[in-house]
Amino acid sequence: GSQTGTAECFSEEIAEEAAAQGINCEVLDLLTFTPEVFAARKIVVLCVSTYGEGEPSDNAKNFDKWASDPRNDGALKGQRFTVMGLGDMNYSKFNNMGMSTDLNLDRLGGKRLYQRGIGDDSQDIAADFKEWKDGGLWVALKKAIAEVMEEGGFPGGDTAGAAQVAEAVVKPEIHMFFAQEEADGAAKDICDAVVAELKGMGLDVAGIQSLSDRKAAEFVKKVPKRGVAVVIADCGPEGLCTAGRKIVRTMNLELDSKSLLDKDLHLAFLAVASSKCNNSASSLREQNETGAKNIPKAFERAGVNCLNQKHPQYVDAGVDQIEPVVKEFAAAIAEAVAAASIVASGGPGEGAAAPAAAQQKASKKTKILCAGPEAREAGGALGDVWPGGNCTVEDASLSTLAAAVQERAQVVLAVECDPEGNLSDAARGLATQLGAAPMGIRATLRQLRFSLLAIAGTHYGNAGERASANAMREELTRSALPVTQALQKLGAGCVTTSSLDLQDVEGDQLVEVCKSMQKAFSEGMPGAAAAPTNGYPAAGAAAPIAPPAAASAVALQLKMGPSVAALGAEVASEGSDVLARFYFEADTSKVLKVRELRQSPDHEKGLATAEVELEASGALKEYTLGGTLQLLPENDAADVEAAVRLMGLSAANLGQFITWVPKDGMSAGLKIKKPFPTPCTLREALARYCDLGRVPSKKMLSALQPTLDSLTAREHVAKLLADAEALKLLQGPAMCCKMHEFWEMLGVKKIDPTDFLLHCPRQKPREFTIASSPKAAPLRITLCVSMTSHELPDAPTSVKKLIEAGCLPAGAALPASHSRFY
């Protein structure tokens, strides 16, 4: 059950590791939950998130309703389960969904096979998940599998205990999205017609979602691997409708470039106009189509594969015949589903066993992945003579490499080198992609075993020139090493290497090359004593690896100066995460007016409600009544000055300018990922981008603990990091301790400015509902904002408990003014 995609990513990671452990596993969205199917599962691992104030995620509501119903007690008798719960400790009902799911499954008759995991998004949720997963999950799962086998096996299963293999076609899911013009749009009607046409073709649609929903981008991110996203959007001469423009902005802001690449998703897009007459339809078509292309561009930027141009991408509902367009569009979607379907090996409970011959055939499937036109030609020639014929030839990319791993295929990676001994453009691009591969792809490619085939892209006409080229082939193909090294750094294994020049090879030689690689695959990874081949290091042997080109790998150093000019030229950069991208993309607006609405406000008690007017300039001109505006708050000036002193600086330094540069020894030509935009003043960095109103996160404490000057302080922080209850107490609502107050209690006098600004928790934008109407007030946005506060009577007691736990020094105390939190 996932709201923002975190639980889904963790589920997919479990599935990938399960495959490596020899365990058959299937990832299912709780949106598809039915009691009968769920109860039939003998073993389940649930990753569930808590949304809002203890609520289940949208896709898990039906499951939670069923599991909470006492009338279903005993329905899961015989099922083994474990739960990983995700939440945010800043909310009062932290991890409520994980806890209730764990208790409900136990009440329904399930048997807990492993302890419940607890992930805290306010700290390091990935580390929490890894600790839970690596703390005994696989041992517990294998024990549970053995128990199920002793009890009779899985449904349709294997009483002998050996995994059954059944060939089944796994079709990707189809997810429909529509962007409807509120006044007279036709996107929703055409969406319904396409769904009906697909149903008539035997294809079910997994979900239909309006892009006007504020969480539309989250639904896009939830489309499962190899899924087909179908987007139908209204458009006009002014461009996309409001919902269409919104999804483009949201995806560009929230999704990293190529962040969905590892999912191997596909997009079918249809722009819908609603002209009043044939004349306007004809004259405005090009303008309409141009404006609508921003949606495919946003999906392509995120790493989604757009279907080819053969299917209809535009229809005018006002003048065109809709039915033939719908049929042709649905046929293109069906074709994409067929192309993305895979033959999967089914485990227990997934059908009858296939014959041994089918299992053997599936194990020998080979994919030749090619980087470069010469490599593609060589791949085609090899595919024609590959032993057994079960071979396909495709272009090499992150998605095709990951897909090959998932299909358990043997991979031959054909890499083209030019006559000067350099990688071809395509091969160089592949090496760059590998260096910047997303986490999901990296995890998948750890399981890859491949054979490298270096293709010498020579074009010599006479025999003398070809002889010279052959003599230099080892040197020419040596340039393919960066691709091999990039894959080996990700954990992939190279079983053998060889080289080939199509201008100087006969059919028999091609067959021998194929047999040699096939033999290497059958023998597996060679030992360390294996000899080098054609100038390459032995397969599996360590080879020198150059630093990756990924922006995220560049260590940063803070640079400070009296002016922007003094900082020098800016290094190419981008935002390092979702919050950083918000900072980079956010608009700046003037505050026009602030008016107190209470007759007797009391700021000391937190009793104040204000009407705030902002200038609607730039992109803010497109605001809507009742819409949501995200505002980035600023820290109190006193907290900013306290933080600058903590960094060993003074208030005079707040006006100086800062920027991020690659750390000493790193290449100045690398693109870097900044935690916030620079150049800016130190005051702006502390006021806008650092959350100084809270204690350090677990991530910050872990990063700074080794760098603290005081041995005593390092020991206290080490105890705090090792004590989950103490950390929870420190970060809980009873203390509401500020950043500088914590370090002062700990006795820390100075923290390096680079370390502080890199690791300090980020300031998060706050959402407000817009109270004004763009028709009545097109140039201003009105918000109603209330101040809230609560007393902190238990703060001294909490400090005392932390002292007793050894997490704070004796005598530590909060300032006397720390009695109310605003």
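Residues numbered from 1 in each chain as written. Predicted model: local features only at pLDDT ≥ 70, side-chain atom pairs only at ≥ 80, totals over all residues. Heavy atoms only, no water.

Asks: An account of the nonpolar core is needed here, citing residue identities and associated values.
Replies: If you look at the biggest cluster of nonpolar residues, it comprises 55 residues, and the most contacted ones within it are Leu686, Leu692, Leu720, Phe742, Trp743, Phe756 and Leu757. Ignoring any residue separated from it by four or fewer positions in sequence, one finds Leu692 in contact with Asn635, Asp639, Val640, Ala643, Leu686, Lys738, Met739, Phe756 and Cys760. If you look at the next biggest cluster of nonpolar residues, it comprises 33 residues, including Leu369, Leu413, Ala480 and Ala486. (Core = buried A, V, L, I, M, F, W, Y, C linked by side-chain atoms within 4.5 Å. Buried < 20%, exposed > 50% of the residue type's maximum accessible area, 1.4 Å probe, protein only. Contact = heavy atoms within 4.5 Å.)

Asks: Outline the pattern of salt bridges, listing residues and values.
Replies: In total, this model carries 27 salt bridges according to the counting rule given. Asp134 is the partner of Lys130 in a salt bridge, and the nearest nitrogen-oxygen pair spans 2.9 Å. Highlighted residues: Lys130 and Asp134, both in helix 5 (residues 125-134), separated by four residues, approximately one helical turn. Look at Asp134 and you get partly exposed, because its relative accessible area is 43%. As a salt-bridge pair, Glu218 and Lys221 come within 3.4 Å of each other at their nearest N and O atoms. (Salt bridge = Lys/Arg side-chain N within 4 Å of Asp/Glu carboxyl O. Helix = DSSP H or I, 4+ residues; strand = E, 2+ residues; numbered from the N terminus.)

Asks: Help me get a handle on the environment of Met84, residues and values and all.
Replies: For Met84, the location among the structural elements is in strand 3 (residues 80-87). For the pair Met84 and Val48, spaced 36 residues apart in sequence, the C-alpha separation works out to 6.4 Å. With sequence-adjacent residues up to four places away left out, Met84 is seen in contact with Leu46, Cys47, Val48, Gly117, Ile118, Gly119, Asp128, Phe129 and Trp132.

Asks: Give a description of the pairing of strand 8 (residues 207-210) that names residues and reports values.
Replies: Where strand 7 (residues 174-179) and strand 8 come together, four bridges link them in parallel fashion. Of the residues in strand 8, the one forming a bridge with Phe178 is Ser210. Considered for its hand, the β-α-β crossover made up of strand 7, helix 7 (residues 187-200) and strand 8 is right-handed. (Pairing = 2+ DSSP bridges. Right-handed = clockwise from strand over helix to strand, strands pointing away.)

Asks: Tell me about the sheet that holds strand 23 (residues 608-615), and please be specific about residues and values.
Replies: A sheet is described by the order of its strands in space; here three strands give the open sequence 22-23-29, paired in antiparallel fashion. The sheet terminates laterally at strand 22 (591-596) and strand 29 (780-787), the two strands that pair on one side only. Looking at each pair of strands side by side, their axes are set apart by 20° on average, direction ignored. Bridging between strand 22 and strand 23 involves five bridges; their strand directions are antiparallel. When the sheet's bridge partners are listed, Val591 is paired in strand 23 with Leu614. (Axes fitted to C-alpha atoms, helices over the stretch in contact; angles between N-to-C directions.)

Asks: With reference to specific residues and values, describe the sheet that holds strand 18 (residues 449-456).
Replies: Strand order across the open sheet formed by five strands is 16-15-17-18-19, with parallel pairing between neighbours. One side of each edge strand has no neighbouring strand; the edge strands of this open sheet are strand 16 (391-395) and strand 19 (493-500). Going across the sheet, the axis of each strand differs from the next one's by a mean of 20°, ignoring polarity. Two strands pair when backbone bridges link them, and strand 17 (residues 410-417) and strand 18 are joined in this way by seven bridges, in the parallel orientation. Across the sheet, residue Cys417 finds its bridge partner in strand 18, namely Ala456.

Asks: Let's hear about the packing of helix 9 (residues 242-254) against helix 11 (residues 294-301): which residues, and what values?
Replies: Direction vectors running N to C along helix 9 and helix 11 enclose 20°, while the axes themselves pass 9 Å from each other. For the element pair helix 9 / helix 11, the angle class is roughly parallel. Helix 11 is crossed by helix 9, and the crossing has left-handed handedness. Residues Gly244, Ile247, Val248, Met251 and Asn252 of helix 9 form the contact with helix 11, whose participating residues are Asn294, Ile295, Ala298, Phe299 and Arg301. A per-class count over the contact of helix 9 with helix 11 returns six nonpolar, three polar and one charged. (Parallel < 35°, antiparallel > 145°, perpendicular 65-115°, else oblique. Left-handed = near helix turned anticlockwise from the far one by under 90°. Nonpolar A, V, L, I, M, F, W, Y, C, P; charged D, E, K, R; others polar.)

Asks: How would you sum up helix 16 (residues 425-435)? Please name residues and give values.
Replies: If you check which residues of helix 16 are buried, you get Ala427, Leu430, Ala431, Leu434 and Gly435. Seen from one end, helix 16 has its buried residues packed into an arc of 140°, which puts them on one side. (Arc of directions from axis to C-beta.)

Asks: Account for the packing of aromatic side chains, with residues named and values stated.
Replies: Tallied over the full model, the rule gives 12 aromatic pairs. Summarising the aromatic geometry, the rings of Trp660 and Phe676 are spaced 5.7 Å apart at their centres and angled 65° between planes, so their arrangement reads as edge-to-face. Of this pair, Trp660 sits in strand 25 (residues 657-662) while Phe676 sits in the loop between strand 26 (672-674) and strand 27 (680-681); the two residues are 16 residues apart in sequence, bridging distant segments of the chain. Each member of the pair, Trp660 as well as Phe676, is classed as buried. Taken together, a centroid distance of 5.0 Å and an interplanar angle of 75° make the contact between Phe742 and Trp743 edge-to-face. By relative accessible area, which is 0% here, Phe742 ends up buried. By way of ring pairs, the aromatic residues Phe10, Tyr114, Phe129 and Trp132 are connected into one cluster. A cation sits over an aromatic face here: Lys188 above Phe178, 5.5 Å from the ring centre. (Phe/Tyr/Trp six-rings, centres within 6.5 Å; stacked < 30°, edge-to-face > 60°. Lys NZ or Arg CZ within 6 Å of the ring centre and 35° of its normal.)

Asks: How would you summarise the packing of helix 16 against helix 20 (residues 481-489) if you had to cite specific residues and measurements?
Replies: Helix-helix packing: each pair is described by the crossing angle between the helix axes and the interaxial distance. Contact geometry of helix 16 with helix 20 gives a least axis separation of 9 Å together with a crossing angle of 20°. Classified by the angle their axes make, helix 16 and helix 20 are roughly parallel. The hand of the helix 16/helix 20 crossing is left-handed. Only Val483, Ala486 and Leu487 of helix 20 make contact with helix 16, whose side of the interface consists of Ala427, Leu430, Ala431 and Leu434. When its residues are assigned to classes, the contact of helix 16 with helix 20 shows seven nonpolar, no polar and no charged.

Asks: Kindly report on unusual backbone geometry, identifying the contributing residues and their values.
Replies: In this structure, Pro679 follows Thr678 across a cis peptide bond, with omega equal to 5°. Here the phi dihedral of Asn95 falls at roughly 60°; this positive angle occurs in a residue that is not glycine. The residue Cys736 is not glycine, and still its phi comes out positive at about 45°. Within the element layout of this structure, Cys736 appears in the loop between helix 28 (724-731) and helix 29 (739-746).

Asks: Let's hear about helix 11: which residues, and what values?
Replies: Taken together, the buried positions of helix 11 are Ile295, Pro296, Ala298 and Phe299. Angularly, the buried residues of helix 11 cover 160° about the axis, an arc narrow enough to put them on a single face. Residue Gly303 follows helix 11 closely and has a positive phi angle near 100°.

Asks: Just give me the short version of the side chain of Glu147, but keep the residues and values in it.
Replies: Turning to its location among the elements, Glu147 is positioned in helix 6 (residues 137-150). In this structure the side chain of Glu147 is engaged in a polar contact, spanning 3.1 Å, whose partner is the side chain of Arg80. Setting aside residues up to four positions removed in sequence, Glu147 forms contacts with Arg80 and Lys111. (Polar contact = N/O pair within 3.5 Å; in protein donor to acceptor, adjacent residues only side chain to side chain.)

Asks: For the confidence of the model for the chain, give the residues involved together with the corresponding values.
Replies: For the chain, the average pLDDT comes to 80, and 85% of its residues sit at 70 or higher. Confidence over residues 157-169 falls short of pLDDT 50; this stretch has 36 contacts with residues more than four positions distant or in other chains. Within the model, pLDDT remains below 50 along residues 343-363, and this stretch shows 36 contacts once partners closer than five positions in the same chain are excluded. (pLDDT = per-residue confidence, 0-100.)

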